[in-house]
Amino acid sequence: MTAFLVKVFSSALVIGLVTEVARRSPSLGGVLSALPVVSLISFAWLVKQGSERAELSTFLKSVLLGLPATFLLLAVLYGLIRLGIPIFYSILGATSLFIVCWYIQRYLQQWWQT
C-alpha cells in the first residue's frame, strides 16, 4: 500500500508542476505536456517493481500504438477550440473521435496479426 501511495503522490506532483508551468507559460507548459512523462514514469515504476523485459517491451509497444489516436485527439481538440467551440463540447468531440479511432486501430491491429 505504501508503494502505491508513493506512486500516486509522486505522479501527482509531476502533473501539478507541469500544470503550474503551463499556467505561467502556456507554450512551455505545452512542450512539457507533450513529453512522454506519464509513459516514462509508468516505465520507471514497472522497472522498479521488477518487470521482465518482455513485459516492458509489450508496455512500450502499446504506448507506441496509442500515439496515432492521441495525436488525432490533440489535433481535433486544438482545431475545435480554435473554431470557438465551447471547451466542454470540444473535449467531448475530440474524446469521442479518440475512442472511435482507438477501436478501429485495435481492430486493424488484430486483423493485421491474423
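Residues numbered from 1 in each chain as written. Predicted model: local features only at pLDDT ≥ 70, side-chain atom pairs only at ≥ 80, totals over all residues. Heavy atoms only, no water.

Visitor: Explain the environment of T19 to me, and be specific about the residues and the numbers.
Guide: Inspection of the secondary structure puts T19 in helix α1 (residues 2-24). For T19, a relative accessible area of 47% corresponds to the partly exposed category. (Helix = DSSP H or I, 4+ residues; strand = E, 2+ residues; numbered from the N terminus. Buried < 20%, exposed > 50% of the residue type's maximum accessible area, 1.4 Å probe, protein only.)

Visitor: Requested: an account of the environment of L72, with residues and values cited.
Guide: Mapped onto the elements, L72 comes out in helix α4 (residues 53-82). Taking the C-alpha atoms as reference points, L72 and C101, separated by 29 residues in sequence, lie 8.5 Å from one another.

Visitor: Give a description of helix α3 (residues 37-48) that names residues and reports values.
Guide: Taking 1.5 Å of rise per residue, twelve residues should cover 16 Å, and α3 covers 16 Å from first to last C-alpha, within 8% of that figure. G50 occupies a position one or two residues after α3 and carries a positive phi of about 85°. (Expected span 1.5 Å × (residues − 1).)

Visitor: Talk me through the pattern of salt bridges; I want residue IDs and the actual numbers.
Guide: Across all of its chains, the model carries two salt bridges by this definition. We note a salt bridge from R23 to E20, for which the minimum N-O separation is 2.7 Å. One end of the pair, R23, and the other, E20, are both in helix α1, three residues apart, so they sit about a helical turn from each other. Relative accessible area serves as the criterion here: at 32%, E20 is assigned to the partly exposed category. Note that E20 is salt-bridged to R24, the shortest N-O span being 3.9 Å. With a gap of four residues between them, E20 and R24 both fall in helix α1, about one helical turn apart. Residue R24 is classed as exposed on the basis of its relative accessible area of 66%. Members of the salt-bridge network, linked through shared partners, are E20, R23 and R24. (Salt bridge = Lys/Arg side-chain N within 4 Å of Asp/Glu carboxyl O.)

Visitor: Summarise the side chain of S90; cite the residues concerned and give the values.
Guide: By the secondary structure assignment, S90 is in helix α5 (residues 87-113). Excluding anything up to four places from it in sequence, S90 contacts L77, L80, I81 and I85. (Contact = heavy atoms within 4.5 Å.)

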